[in-house]
Amino acid sequence: MQHHMKKWVWFGVIVGTAAFFIIGAILLIIFYSVGKAIPGAAKAAFEGVLAIIACYILTAISFKFLRLKVYIYIYIYIYIHVYIYIC
C-alpha cells in the first residue's frame, strides 16, 4: 500500500464502522419500538420485510465483492418475480 494513502484507508475504516453502529442502533430502536406497538401477525410480517431487506443488502454486497454485476440484475429480476408470485 502506498504510504500517503494509509490515513485515508483508516479514515474509511473508522467512518464505515461508525456508520454501521449508528444505522444498526437506529434499526434496532425502530424494530423494538414497532414490535411493542403492533400485534403478533403484523410483527411477523415486519420481521419478514426486514429479513428480505437484509438478504438483498448482503447479496448485493457479495456480488459487488465478486464484481459480477451482471448477476445482480439477474438476481433482481428473479427476486421481483418471486415476490410477485408469492403475493
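Residues numbered from 1 in each chain as written. Predicted model: local features only at pLDDT ≥ 70, side-chain atom pairs only at ≥ 80, totals over all residues. Heavy atoms only, no water.

Asker: Explain the overall build of the protein chain to me, using residue names and the numbers behind them.
Answerer: Check the secondary structure of the protein chain and you find three helices and zero strands. Ordered by position from the N terminus, the helices and strands of the protein chain form the series α-α-α. Out of the 87 residues in the protein chain, the part that is buried amounts to 7%. Accessible area of the protein chain: about 7700 Å², with a carbon and sulfur share of 78%. (Helix = DSSP H or I, 4+ residues; strand = E, 2+ residues; numbered from the N terminus. Buried < 20%, exposed > 50% of the residue type's maximum accessible area, 1.4 Å probe, protein only. Areas by Shrake-Rupley, 256 points an atom, 1.4 Å probe, with all protein chains shown as cover.)

Asker: Hey, could you go over the confidence of the model for the protein chain for me, with residue numbers and the actual values?
Answerer: Looking at the protein chain as a whole, its pLDDT mean stands at 79, while 84% of the residues score no less than 70. Highest mean pLDDT in the protein chain belongs to helix α1 (residues 6-37) (87); lowest belongs to helix α3 (residues 69-86) (68). (pLDDT = per-residue confidence, 0-100.)

Asker: Which residues make up the layout of surface pockets, and what values do they have?
Answerer: Counted as a void, the largest pocket has a volume near 440 Å³. If you go around the largest pocket, the residues you meet are A19, F20, I23, G24, L27, L28, F31, L50, I53, A54, I57 and L58. Looking at the lining of the largest pocket, the elements that each hand over two or more residues are α1 and α2 (40-66). Tallied by class, the residues present in the lining of the largest pocket amount to eleven nonpolar, one polar and no charged. (1 Å grid on protein atoms, 1.4 Å probe; cavity = no way out; pocket = protein on both sides within 12 Å on 5 of 7 lines; lining within 4 Å. Points joined across faces, edges and corners; volume = space filled by probe spheres on them. Nonpolar A, V, L, I, M, F, W, Y, C, P; charged D, E, K, R; others polar.)

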